[in-house]
Amino acid sequence: MGSRRFRKPFTQQEPLSPEAIENAVNVMQGGRLHRYNVAEGETSQASLLEQEFADYQDAKYCLACTSGGYALHISLRCVGLKAGEPVLTNAFTLAPVPGAIHNAGGKPVLIDTEADLTIDLKDLESKAKSSGARFLMLSHMRGHIADMNAITSICEQHGLMLIEDCAHTMGASWKSTKSGNFGKIACFSTQTYKHLNSGEGGFLTTDDAEIMARAVIHSGSYMLYEKHLCRPSNDVFDSVKLHTPNYSGRMDNLRAAILRAQLKQLDANCKRWNDRYHVLADKLKNASGITVPVRLEHEHFVASSFQFFLDVDDDVEVVEFINECAKRGVEIKWFGSDQPKGFTSRYDSWQYIQSQPDLPKTKQVLKTLCDMRIPLTFSLEDCAAIADIIEDCAKQIIYS
Ligand SMILES: *Cc1c(COP(=O)(O)O)cnc(C)c1O
């Protein structure tokens, strides 16, 4: 085999379903794209979507908005973050997470990373104490879910309010509780590369009436909040509406119409991602030169991406490996590069964060961490072929 080449693109999504397209066409024909532009007696697509996602998630309230990053940003505004206040978060995450903290006026305090890619609980405890932070924005990065029992008990012990970044855990759970239902607020993304695809978009869910009323007003409700289906009562809005600035970031009906159809497919798609992940992981877990990170027993993950370590000491070898894979049509991303590129960035590239900590474990973990998305346009056979190429290329580097 040696020179087999994989020929499908790594960023090709599936087409939208006929139902999603039909829903979208209906909205376009009606011309009422703004979520508050409804005909007499009509409930907007955005409001229906919020109700349906809240039901899916087992959350009391849901706000649909412009992006996952926006949901993260306003969640901190909703809970009263003060200017310059510390917010604990994972060092291993994507740029919109520290960006959202910065946008809300907070100071990200980055926590170290374990070899299973979850947050370092000891470092979390120690920085909870030393920073005096009131908030933990926990990123379930690449769908790896930390021990949520341990997380919630640390939060209780140190008076931390938990906000979950579920950009990669929509549809996932820990034990029998859905990811996103451990904290005060959960934030989701419906950006193209996540588990639902509306190009851009996000959700904020919570069971807290006052937080949801603030979120709705922040998102730019123009005092039309009564049009929301999945909302607290008017008296809650009365108590917050004059103190809550409009940070326009509404979901529109066109995207909502697309998402309503996709939500029905979500659980089936989660299974399709995991089927593909298991082909990759099963083939590569015993391959020489490759280590697949351990998954925790209680983690019911949705593997829309695949991570592995290349067992080498040197950056140069990782770069060579990635180049070899690329020559054979397999696009691997690397979290260890000192230059941020193509969705991956290492925490020390967020230089706007003052007084950055040294995080030796994170640096060590990211140094050889390779990553690929699993688009659903890949078949199980495609995943097997990709695993073979990865294995070949790793051998070539290790034994050269
Ligand atoms: C994509 C992503 C977000 C934010 O989503 P956007 O909709 O792109 O703003 C937040 N956290 C993580 C880990 C992400 O990958």
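Throughout, residues of each chain are indexed from 1 in the direction in which the sequence is written. Under the rules for a predicted model, residues below a pLDDT of 70 receive no local features and side-chain atom pairs below 80 are neither given nor counted, while totals for whole chains, interfaces and linings still include all residues. In computing side-chain properties, one takes all heavy atoms of the structure into account and sets aside hydrogens as well as water.

Salt bridges are defined by distance alone: a side-chain nitrogen of Lys or Arg within 4 Å of a carboxyl oxygen of Asp or Glu. Summed over all chains, the structure comprises 25 salt bridges. Ionic pairing is found between Arg 328 and Asp 392, a salt bridge with its closest N-O pair at 3.2 Å. Here Arg 328 is found in the loop between α11 (315–327) and β13 (333–334), whereas its partner Asp 392 is found in helix α13 (residues 380–398), with 64 residues between them in sequence. Working definition: with a 1.4 Å probe on protein chains only, accessible area under 20% of the residue-type maximum means buried, over 50% means exposed, and in between means partly exposed. Given the relative accessible area of 8%, Arg 328 is considered buried. When salt bridges with common partners are traced through the structure, they connect Glu 114, Asp 120 and Lys 361 into a single cluster. Note on conventions: DSSP H or I runs of at least 4 residues are helices, E runs of at least 2 residues are strands, and numbering of each starts at the N terminus.

Bringing the domain arrangement of the protein into the picture now. Accessible area lost when the parts come together is the quantity often used to give the size of an interface. The domain boundaries here were taken from an automatic or database domain assignment. Domain assignment breaks the protein into domain 1 (18–263) and domain 2 (266–399). The contact criterion used is simple: two residues touch if any of their non-hydrogen atoms lie within 4.5 Å. Counting from both sides, the interface comprises 43 residues of domain 1 and, opposite them, 36 residues of domain 2. Across the domain 1 to domain 2 interface the summed buried area is about 3,400 Å²; carbon plus sulfur atoms make up 62%. Joining two parts hides part of their accessible area as seen by a 1.4 Å probe, and the buried area is that hidden amount summed over both. Together, Leu 110, Arg 142 and His 195 form the three largest contributors to the area buried by domain 1 at its contact with domain 2, with a combined 19%.

On to the site of the ligand, then. The nearness test applies per residue and asks whether one of its heavy atoms lies within 4 Å of the molecule or strand. The full set close to the ligand counts 17 residues, and Gly 68, Gly 69, His 168, Ser 189 and Lys 194 are the nearest of them. Under the rule applied, a polar contact is a pair of N or O atoms within 3.5 Å (in protein, one hydrogen donor and one hydrogen acceptor; residues adjacent in sequence only if both atoms are side-chain atoms). Here an oxygen atom of the ligand and a backbone polar atom of Gly 69 are 2.7 Å apart. Contacts to the ligand include Lys 194, whose side-chain N or O atom sits 2.9 Å from an oxygen atom. Methods summary: accessible areas were calculated by the Shrake-Rupley approach with a probe of 1.4 Å, and residue burial reflects only the protein chains presented. Protein contact buries 92% of the 380 Å² of open area that the ligand shows by itself. At the level of secondary structure, the elements contributing two or more residues to the shell around the ligand comprise α3 (68–78) and α4 (96–103). In terms of residue count, α3 provides more of the shell around the ligand than any other element does, three residues in total. Polar here means any residue other than Ala, Val, Leu, Ile, Met, Phe, Trp, Tyr, Cys and Pro, which are nonpolar, and Asp, Glu, Lys and Arg, which are charged; Gly is therefore polar. Partitioning the shell around the ligand into residue classes produces six nonpolar, nine polar and two charged.

A few words on α13. The span you would expect from a helix comes to 1.5 Å times its residue count less one. For α13, spanning 19 residues, the distance from its first C-alpha to its last is 27 Å, which sits close to the expected 27 Å at 1.5 Å a residue. Buried positions along α13 lie against α10 (266–284), β10 (290–291), β12 (305–310), α11 and β14 (369–373).

Secondary-structure assignment places Glu 50 in helix α2 (residues 45–57). Accessibility expressed as a relative area gives 0% for Glu 50, which makes it buried. With sequence-adjacent residues up to four places away left out, Glu 50 is seen in contact with Arg 35, Cys 62, Leu 63, Ala 64, His 228 and Cys 230.

In this description, a line fitted to the C-alpha atoms serves as the axis of each element, helices being fitted only across the stretch in contact, and the angle between N-to-C directions of two axes falls anywhere from 0 to 180 degrees. Between α3 and helix α7 (residues 209–218), the least distance of the axes is 9 Å, while the angle of their chain directions is 125°. With respect to α7, the element α3 is oriented oblique. The element α3 and its partner α7 pack so that their crossing is right-handed. Every residue of α7 that contacts α3 at Tyr 70, Ile 74, Arg 77 and Cys 78 is listed here: Ile 211, Arg 214, Ala 215 and His 218. Of the residues contributing to the contact of α3 with α7, the split by class is five nonpolar, one polar and two charged. When describing relative orientation, an angle under 35 degrees is termed roughly parallel and one over 145 degrees roughly antiparallel, while 65 to 115 degrees is termed roughly perpendicular and anything else oblique. Crossing chirality is assigned from the near helix's rotation relative to the far helix, an anticlockwise turn below a right angle marking it left-handed and a clockwise turn marking it right-handed.

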